[in-house]
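Analysis of the macromolecular model
Listed below are the residues making up each chain.
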Amino acid sequence: MDVDLGFVGPSRPANDHDFVKIVDGDTPRVTMDIRMVSIDTPETRFENLTPVSAQAKLERAKARLQDGT
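None of these values were measured; they are calculated from a predicted model.

This part takes up the overall build of the protein. Within the protein, the regular secondary structure consists of 1 helix and 2 strands. In sequence order, the secondary structure elements of the protein are arranged as β-β-α. Put simply, the protein has 69 residues, and 0% of those count as buried. Counting only carbon and sulfur atoms, one obtains 55% of the accessible surface of the protein, whose full area is about 7100 Å².

Set out below in structure tokens:
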């Protein structure tokens, strides 16, 4: 018998991450970059980042923080 508690968890889009190794039967280890929000440090590389593309990235990050993704 299934019980529906009406809970819908947050949904996140799938992302490509580099596979590193299997830790155990149900735990893969992957690499992924993380972004520290509200941490102000100099950038170490820019990769063709322009003010327009940087602002677009900031707006996407802001929207994701606001909607819970």
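Next comes the rest of the write-up.
Position of Asp26 among the secondary structure elements: in the loop between β1 (18–24) and β2 (27–31). A polar side-chain atom of Asp26 sits 3.2 Å from a polar atom in the side chain of Thr27.

In this sheet, β2 lies alongside β1 in antiparallel orientation, the contact comprising 5 bridges. Bridge assignment links Phe19 to a residue of β2, and that residue is Val30. Two successive antiparallel strands, β1 and β2, enclose a turn made up of 2 residues.

A grouping of Phe19, Ile22, Val30, Met32, Ile34, Met36 and Ile39 is seen on the molecular surface, where their side chains present a nonpolar patch of about 750 Å² in accessible area. Along the chain, Ile39 falls in the loop between β2 and α1 (51–67).

About the cut-offs
Per chain, the residues get numbers from 1 upward, laid out in the order the sequence is written. At least 70 in pLDDT is required for a residue's local features to be given in this predicted model, at least 80 for side-chain atom pairs to be given and counted, and no such filter applies to totals for whole chains, interfaces and linings, which use all residues. Side-chain numbers here rest on the full set of heavy atoms in the structure, without hydrogens or water. Secondary structure counts use DSSP, requiring at least four H or I residues in a row for a helix and at least two E residues in a row for a strand, with both numbered from the N terminus. When a residue's accessible area, from a 1.4 Å probe over protein chains only, is under 20% of the maximum for its type it is buried; when over 50% it is exposed; and in between it is partly exposed. Exposure was quantified through the Shrake-Rupley algorithm and a 1.4 Å probe, taking into account, for residues, occlusion by the shown protein chains and nothing else. Any pair of nitrogen or oxygen atoms within 3.5 Å is treated as a polar contact; in protein, a donor-acceptor pairing is required on top of that, and neighbouring residues in sequence qualify only through side-chain atoms on both sides. At least two DSSP bridges between two strands are needed for those strands to be called paired. Residues forming no salt bridge and having over 30% relative accessible area are the ones grouped into patches, like charges within 9 Å of each other and nonpolar side chains (Val, Leu, Ile, Met, Phe, Trp, Tyr) within 5 Å. When a carboxyl oxygen of Asp or Glu is within 4 Å of a side-chain nitrogen of Lys or Arg, the pair counts as a salt bridge.

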